[in-house]
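Close look at the chain arrangement
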Amino acid sequence: MSDFLTQFGEDLKKNVPGFIAVSVAEIASGMSYYSHSALADFDPELASAYNLEVVKAKMNAIKALNLNGQVIDNIMITLSSQIHIIDVSDNQDYFIYLAVDSTKANLGMTKSILNKYKKEIAAKL
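The shown structure was predicted, so the numbers you read here are calculated from the model rather than taken from an experiment. Numbering of residues begins from 1 in every chain and follows the order in which that chain's sequence is written. Local features are withheld for residues below a pLDDT of 70 in this predicted model, meaning they are given only at 70 or higher, and side-chain atom pairs are given and counted only at 80 or more; totals for whole chains, interfaces and linings count all residues. With hydrogens and water stripped out, all remaining heavy atoms of the structure feed into the side-chain values.

**Comments concerning the sheet that holds strand β4 (residues 82-88)**
Rule in force here: A pair of strands is labelled paired if DSSP reports no fewer than 2 bridges between them. A run of H or I in DSSP becomes a helix once it reaches four residues, and a run of E becomes a strand once it reaches two; helices and strands are each numbered from the N terminus. A fitted line through C-alpha atoms serves as each axis, taken over the contacting stretch for helices, and the angle formed by two N-to-C directions is quoted from 0 to 180°.
Strand order in the open sheet formed by 5 strands is β2-β1-β5-β4-β3, and the pairing between neighbours is antiparallel. The two strands at the open ends of the sheet, each matched to only one other strand, are β2 (32-37) and β3 (74-78). Across this sheet, the average inter-strand angle for adjacent strands is 10°, counted without regard to direction. Of the pairings in the sheet, the one linking β3 to β4 comprises 5 bridges and is antiparallel in character.

**Let's talk about the packing of aromatic side chains**
Rules: Here the aromatic set is Phe, Tyr and Trp, taking the six-membered ring for Trp, and pairing holds for ring centres within 6.5 Å; pairs whose planes are under 30 degrees apart are stacked, those over 60 apart are edge-to-face, and all others are tilted. Type-normalised accessible area, obtained with a 1.4 Å probe on protein chains alone, sets the label of each residue: buried when under 20%, exposed when over 50%, and partly exposed for intermediate values.
For the structure on display, the rule yields 4 aromatic pairs. On the basis of an interplanar angle of 50° and a centroid distance of 5.8 Å, the ring pair of F4 and Y117 is categorised as tilted. One end of the pair, F4, is in helix α1 (residues 3-15); the other, Y117, is in helix α3 (residues 107-124), with 113 residues separating them in the sequence. An identical accessibility class is assigned to F4 and Y117; each is buried. Consider the rings of F8 and Y117, whose centres lie 4.9 Å apart with planes at 70°: the pair is edge-to-face. Here Y117 lies in helix α3 and F8 lies in helix α1, a separation of 109 residues in the sequence. The class for Y117 is buried, based on a relative accessible area of 4%. Three or more aromatic residues link up through ring pairs in this structure, and these residues are F4, F8, Y34 and Y117.

**Some thoughts on the pattern of salt bridges**
Heads up, the rule is: Every case where a carboxyl oxygen of Asp or Glu lies within 4 Å of a side-chain nitrogen of Lys or Arg is listed as a salt bridge.
Per the stated rule, a full pass over the model turns up 5 salt bridges. A salt bridge links E10 to K13; the shortest N-O distance between them is 2.8 Å. Placement of the pair is E10 and K13 together in helix α1, with a separation of 3 residues, close to one helical turn. Take K13: its relative accessible area is 30%, and that puts it in the partly exposed class. The residue D87 makes a salt bridge to K118 at a minimum N-O spacing of 2.9 Å.

Nothing here speaks to function; it is all geometry.
Dropping the structure here:
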């Protein structure tokens, strides 16, 4: 694991209110490059594997609808007590999966931190 991903994980744990779990995965292979969970029973790599299917389905929908030039920025799934964010890298090769407690989350701050890192992910992985 690169120092970049270690720093990324530490930054999220420290600065994202309501942090539950994070994973960084490659879209083509589904391989997880980094994962961490604050909860013992929450497996971010398993969550990434399922959310990879969400990303691929949306990419296929964009293609089927001939939405030329359109790319996924992020996908947000709101559950009753959690928010799951799938943030796709600028080159569409990787995604960050982040789960937060919806009662503690600050979405503006969270998205700002994710935007900072997703610009670097494609260049450093």
